[in-house]
Structures are given as structure tokens and as C-alpha cells.
Amino acid sequence: MRNNIIFKGGNVQLVDPELSSYGAACNIPAPINRMMVKFASTFRDGVDINLGVGYVDEETIPRDLIKNAMTHVLADPVKYRVALNYGGPKGSPNLIQSLYDFHIKYNIGGLTKDILDKKQIIIGPNGATSLLEGMAHIFKKGIVITSDPKYFIYTSFLERSGYELLTVPEDCHGIQPELLEKKLASLGPRQDEISFVYIVTINNPTGSILKNERRRKIVSIVNKLCRKLNKKIPIIFDKAYELLIHDPAVTPLESSLIYDELDIVYEVGTLSKIVAPSLRVGYLMGPPGKFIQAMVQRTSDAGFSCPLITQEIASYILDYHISEQIKKVNHGYRVKAVAISRYIDEQLKPLGVTYCGGQATFYYYLTLPEGMHTYEGSRFYHFMSRSTGDRSVDCADNGEKKPMVSYIPGNLCVHPKGDLVEIGKRQFRIAYSYESLDKVEEAFGYFKEAILYCKA
Ligand SMILES: Cc1ncc(COP(=O)(O)O)c(C=O)c1O
């Protein structure tokens, strides 16, 4: 019998319900969430600068297009059946067809009708995130191979769910295949415990773009392992940012579905970054089979379907307006990226700063010179959060706190048991999507001041 009922002033106070190990893990906020909540609680609109959140640029969201699309959808109940009702767990047939047509029409990743006809497309209940979450339920818990730095939001969830991470360091061209081979070899008999491989093709936090040669090499390494273990190890390519390549110098990227001999490659995509996150449209493409079948059931369990109305809106936009929308979005990010890259090259590089990013997505991942740190409590962090304790640094002449700038420290992006712990302490991610270019440039001026302050 549990003897933990507490009597207090005549009232019975019951203890909290018992939680699963996942529930218990969720009671401790992830360090990044804790940091962002702390920043948000003191954030002064129009003064402080938020380069921490990965929101898309409001300017890129096509409000009128979405309004128009909704009008068309509701005016055509023959094509867009029961758009305000429940949808089916595989996703709207219109949207699935639109995604299929879109990939073929624009030859996305080199995908053709022949290849896509052998694959299945399903829509997740709530963006790419919900598909990634679904996978964690479907696969047997074990080891997940991923990159370092890692997509901290999903990997934090994986760990809370009971998965173990094995991280492989990346450089500016993505995860390094030779290191993947070494890490796999070091697992020895534990190779059999690998649940799946998860790779973000244009990484968050680094903005690194996984080169085509490396995509092929990674698939070939995992193929070899599958043959050795006589089982399929799925490779999930998260392509959240693959349509957000704004530097024309980048070689067109290949989809690994093209050379997937063993039916182990799956791609997760989203319309969040190129249309609007609030549509919550994420999709999974890959060989039909038990995994996708289970994912469909998972969608039903998680909420029946992605809201049908947003799926139909997305379908309409894909059918009629996607090309100019993608161009518009990428143009906006390009303008910002060119200005920021120039600033870093001219002002920060001479101070010893190196960086990754600027060709795709809206992230830069910067590395400060040795001896300077970015983690909470470091000199740099105190400077940017105006908490050095030195009034001349923290406050303006009128006594008001100078603008604070939020960023994601690298120590929270690298795996604490991985190879990049030391360098991670002097790295940080900035997202240049949420703030206007003026504000981002102002923030970079403060980064420069902070580096000079740390050097002093
Ligand atoms: C790598 C990666 N995957 C997935 C997502 C989430 O996509 P969605 O909005 O479709 O859930 C993000 C969002 O920032 C991301 O960075």
C-alpha cells in the first residue's frame, strides 16, 4: 500500500500520478527551452533582438495566397470534398497527388515518375515534427545514428523516449562518411541495436549542406551494414530545408530515393519553411511496407489526420503557385544572407571567427577563437545578455539596459558524450529569419563588441 497521502489542516493532499519514464523526463525542461523561456520573460519588443528562435520570416508567409486558396477550396466541394470535416490518416488524396506532381514537374532531387511510382507518400498529423515523433513510437528502441551537432529538438525527444544517440561529427558539407564508418565499427556487436539513421540534409543548427557524394556514400555504408546484419536499417533524411537553398552556386541536390537498392531510404519533407508553419503540413516519402503502414495508424492515433482544410489549401498552392512562392521566399533569405556573410567576412573573420551557413536555410553556426566561450555564464553570454555587472557594458547613458541578443549556444547543440564537446563550448547558432535585416545587422555589431570585450 502507498503511504504517501499527506494530511494537512484536515485536507487530504494526494501525491501526483505516477509517470512513465518519458513523462518523468518531460518534467525537466530541455535546457534550450529553459533558456528561451528565460529570455522571453525579459524580452523588450523593438529593443532586444531574438536570434535564438527558428521561426520563419513573417514576410515570406503568403497571407493573400492562403486566403485565396481557402476561398477556392471551399467553393469547390467536388474536388475538395468535406474540407472542414475529419480527414483520412494517409492524408488528403489531393495533397498527395499535388506533392507527387510537384516533385516530378520540378524534378526535385532528380525524382522522376518511374521512381516515385514505386514510393508511397503520406501526410503526418502535425507537420514533419509529428512524423519524426511517430517514428519514435514505431521503431524498436535502440541506437539512433545522427550528426553532431544534432537537431537538438528531435534528438532531445528521442533521448527522453528512451533511445540512445550515436553522433557522427559533421563539417560544412554535412556528416562525414569516414567517421560514420568508424563509429559503426566501434559499436561492434551493438550494431544489431541500431534502430535507424536520422540525417538532416541541410542541418539545423549548422546550415551545412550534405553533399551528393556523401549522400551516396552514407547510403552505401548503411547498405553494407544491412547486408552484414541481414536486416533493413532505415535511413531517414529530414529534408526540412531542402527547398530553401538560396545560393545559386549550390549544386542541385540529389534525393537518395533514386539509388535506394534495399528499400531503406525515407524522406521527410515539410511546407513549413516555404509556405507557412501553421499549415502543419509534413510528408513522408519512401518504399511502401510495414513501416509506412504503421505510420498511417500512428497518424490516426495521434489525431486522425492533419486538418483537412490546411491540406487542401496546401494542395491548391502546390498546384498553382508554388514556383513563384519558393522563389519569393528564397529571394528574401538570400538578401539577408548576403549582407550577413559580408559582415562576418569583413568584421568577424579578422577577429578569428569561422562559420558555416549562408547558402541555404536561415541559420549561421559560428565558432569563436580558442579561449572564448558562448555557453550560459560565459563572458560572451553575459555581454550579449547585458549581465556582466559592469554598467558601462550593460547600460546606456540613460541607465536603460542596452539591447540583449539571444542565440543558441553550441554546448546545447553538440552531444554531451560526443566528439565536439570542447569546440561546442565556443560555438553558437543564430537564426536570421525572425528579425529584420536592420536588427540582425545591429546584433552582429554587438557580437563584434562582445568578442573584443572577451579579448580584452
Ligand atoms: C530539421 C528540422 N526538421 C523538422 C522541423 C519541423 O518541421 P515542421 O514545422 O513541419 O514540423 C524543423 C523545424 O525547425 C527542423 O529544423
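These numbers come from a predicted model, not from an experiment. (Residues numbered from 1 in each chain as written. Predicted model: local features only at pLDDT ≥ 70, side-chain atom pairs only at ≥ 80, totals over all residues. Heavy atoms only, no water.)

It is worth spelling out the sheet that holds strand β10 (residues 265-270) at this point. Spatially, the eight strands line up as an open sheet ordered β4-β11-β10-β9-β8-β5-β6-β7, and their pairing is mixed. Unpaired on one side and paired on the other, β4 (120-123) and β7 (174-175) mark the two borders of the sheet. Across four bridges, β10 lies against strand β11 (residues 282-286) in antiparallel orientation. Opposite E267, over in β11, you have M285 as the bridge partner. Most of the contacts of helix α4 (residues 93-105) go to β4, to which it runs at about 130°, and overall it touches β4 and β11. (Pairing = 2+ DSSP bridges. Helix = DSSP H or I, 4+ residues; strand = E, 2+ residues; numbered from the N terminus. Contact = heavy atoms within 4.5 Å. Axes fitted to C-alpha atoms, helices over the stretch in contact; angles between N-to-C directions.)

Right, let's get into the environment of T310. Here T310 shows up in helix α11 (residues 308-320). A relative accessible area of 14% means that T310 is categorised as buried. Between the alpha carbons of T310 and G91 there is a distance of 11 Å; along the sequence they are 219 residues apart. Excluding its chain neighbours within four sequence positions, the residues that come into contact with T310 are L279 and V281. (Buried < 20%, exposed > 50% of the residue type's maximum accessible area, 1.4 Å probe, protein only.)

Turning to a nonpolar patch on the surface, a few remarks are in order. On the surface, a nonpolar cluster with roughly 310 Å² of combined accessible area is contributed by M70, L74 and L84. Considering the arrangement of structural elements, one finds L84 in the loop between α3 (63-75) and α4. (Patch = residues over 30% accessible without salt bridge, like charges linked within 9 Å, V, L, I, M, F, W, Y side chains within 5 Å. Areas by Shrake-Rupley, 256 points an atom, 1.4 Å probe, with all protein chains shown as cover. Salt bridge = Lys/Arg side-chain N within 4 Å of Asp/Glu carboxyl O.)

Along its sequence, the chain is organised into domain 1 (27-54 + 326-455) and domain 2 (63-320). On a C-alpha basis, the centres of domain 1 and domain 2 stand 29 Å from each other. The interface of domain 1 with domain 2 comprises 30 residues on the first partner and 30 residues on the second. Surface buried jointly by domain 1 and domain 2 totals about 2500 Å² across both partners, of which 63% is contributed by carbon and sulfur atoms. In this structure, the connection of domain 1 to domain 2 is made through two salt bridges. Where K183 meets D419, a salt bridge forms, and the shortest distance between an N and an O atom there is 2.6 Å. Viewed at the interface, domain 2 and domain 1 are joined by 13 residue pairs in polar contact (both at pLDDT 80 or more). Elements that contribute at least two residues to the side of domain 1 that touches domain 2 include exactly α12 (322-348), β12 (354-357) and β13 (363-367). (Domains from an automatic or database assignment. Buried area = accessible area lost by both parts, 1.4 Å probe. Polar contact = N/O pair within 3.5 Å; in protein donor to acceptor, adjacent residues only side chain to side chain.)

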